[in-house]
Amino acid sequence: MANKTAIEVKNLGVRFRMQKEKTDTLKEFFVKTLKKEIKYNEFWALKDVSFSVEKGTRLGIMGLNGAGKSTLLKTIAGVLKPTEGEVIRKGNVVPLLELGAGFDQQYTGAENIFLYGAMLGYQRSFLKEKYKEIIDFSELGDFINVPVKNYSSGMKSRLGFSIATIVEPEILILDEVLSVGDVKFKRKSEAKIKSMFDKGITVLFVSHSTQQVKNLCDKAIILEHGKLIMNGDSASVCEAYTEMTNK
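Residues numbered from 1 in each chain as written. Predicted model: local features only at pLDDT ≥ 70, side-chain atom pairs only at ≥ 80, totals over all residues. Heavy atoms only, no water.

Draft legend 1. Structural view of the overall build of the chain. A tally of helices and strands in the chain yields eight helices and nine strands. The buried share of the chain, reckoned over its 247 residues, is 42%. Across the chain, contacts joining residues at least 24 apart in sequence account for 70% of those joining residues at least 6 apart. Counting every atom, the chain has about 13,400 Å² of accessible surface; 50% of that belongs to carbon and sulfur. (Helix = DSSP H or I, 4+ residues; strand = E, 2+ residues; numbered from the N terminus. Buried < 20%, exposed > 50% of the residue type's maximum accessible area, 1.4 Å probe, protein only. Contact = heavy atoms within 4.5 Å. Areas by Shrake-Rupley, 256 points an atom, 1.4 Å probe, with all protein chains shown as cover.)

Draft legend 2. Representation of the pattern of salt bridges within the structure. Using the criterion set out here, one finds seven salt bridges in the structure. For Glu42, the salt bridge is made with Arg15, and the minimal N-O distance between the two is 3.9 Å. Here Glu42 is found in strand β2 (residues 40-54), whereas its partner Arg15 is found in strand β1 (residues 5-19), with 27 residues between them in sequence. Classification of Arg15 as partly exposed rests on a relative accessible area of 32%. (Salt bridge = Lys/Arg side-chain N within 4 Å of Asp/Glu carboxyl O.)

Draft legend 3. Seen up close, the layout of surface pockets. In this structure, the largest pocket spans a volume of roughly 380 Å³. Lining the largest pocket are 16 residues, with Val79, Pro95, Leu97, Met119 and Leu120 positioned closest to its centre. Put simply, the parts of the chain that give the lining of the largest pocket at least two residues each are α2 (69-77), β5 (93-96) and α3 (109-119). With three residues, the single largest contributor to the lining of the largest pocket is α2. (1 Å grid on protein atoms, 1.4 Å probe; cavity = no way out; pocket = protein on both sides within 12 Å on 5 of 7 lines; lining within 4 Å. Points joined across faces, edges and corners; volume = space filled by probe spheres on them.)

Draft legend 4. Expanded view of the sheet that holds β5. Overall, mixed pairing links the six strands, which are arranged β5-β6-β7-β3-β8-β9 in an open sheet. Each of the sheet's edge strands pairs with one partner strand only, and the pair in question is β5 and β9 (227-233). Neighbour-to-neighbour, the strand axes of the sheet open up by a mean angle of 15°, direction not taken into account. Of the pairings in the sheet, the one linking strand β3 (residues 58-62) to strand β7 (residues 202-206) comprises four bridges and is parallel in character. Bridge pairing in β7 links Ile61 to Val206. Sheet strands touched by helix α6 (residues 183-198): β3, β5, β6 (171-175) and β7. Its angle to β6, the strand with the most contacts, is close to 140°. (Pairing = 2+ DSSP bridges. Axes fitted to C-alpha atoms, helices over the stretch in contact; angles between N-to-C directions.)

Draft legend 5. View of the nonpolar core. Formed by 41 residues in total, the largest nonpolar core has its most connected members in Leu96, Ile113, Ile144, Leu159, Ile163, Leu172 and Leu174. In terms of residue count, the dominant contributor to this core is helix α5 (residues 153-164) (five residues). A domain split of this core shows at least three residues from each of domain 1 (5-92 + 204-246) and domain 2 (100-168). With sequence-adjacent residues up to four places away left out, Leu172 is seen in contact with Val94, Leu96, Ile193, Met196, Phe197, Ile201, Thr202, Val203 and Leu204. With 24 residues, the next largest nonpolar core counts Val9, Leu46, Phe51 and Leu59 among its residues. (Core = buried A, V, L, I, M, F, W, Y, C linked by side-chain atoms within 4.5 Å. Domains from an automatic or database assignment.)

Draft legend 6. Structural context of the side chain of Ser207. In this fold, Ser207 is placed in the loop between β7 and α7 (210-216). Classification of Ser207 as buried rests on a relative accessible area of 1%. Of note is the side chain of Ser207, whose polar atom sits 2.9 Å from the backbone nitrogen of Ser209. Looking at Ser207, its side chain comes within polar contact range of the side chain of Gln212, at 2.9 Å. (Polar contact = N/O pair within 3.5 Å; in protein donor to acceptor, adjacent residues only side chain to side chain.)

This is the structure we're talking about:
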């Protein structure tokens, strides 16, 4: 069974600390920190979450706003570090979360290909080899040599998507419905993701749409206030989620 597992989440907990009172300057913050006068509220975004995902499974992740869905995906992707518990990943992961969030606004699109690609774990030699393919797919043309601060949000997303999906992932992480650029590019990006699905990769997919989860996923889970409250086949979980949201 172990060699069939793509992701194992064990007793996962993620805690955030939020400062109780505002500090007006950096100096005031450091002085109060040294005097241990800064007070924090602790908030557990996830608590004692455990489940496993077999290779080739498409897992839908459902829950109301604030349930911990995005925190879970970011922790599985390695963006966030668990406060307790662990995540075991078996295979290369492509996270399509906040596309382009790691771009340096002062750098050109071309420079950000190497910066963002390195953040995703790609070797520079690999990025050089795929450089033209990334630019062609993004449809940015000469804008690739313009600083990213001058890009629209759609242009940033298109470049981020083109870099992130240049590899064939074993595990694909999708947060909400992917909407990248204009209608034409959106169709192209959806076709690329569908081609990944068809190759039998493992998928984690967050959506509020029970119809999407039923159509795309074979398994699903529900999170509520950071805790896992249901894990099963997508049809049963979607039915339970519909009842939850109609109360």
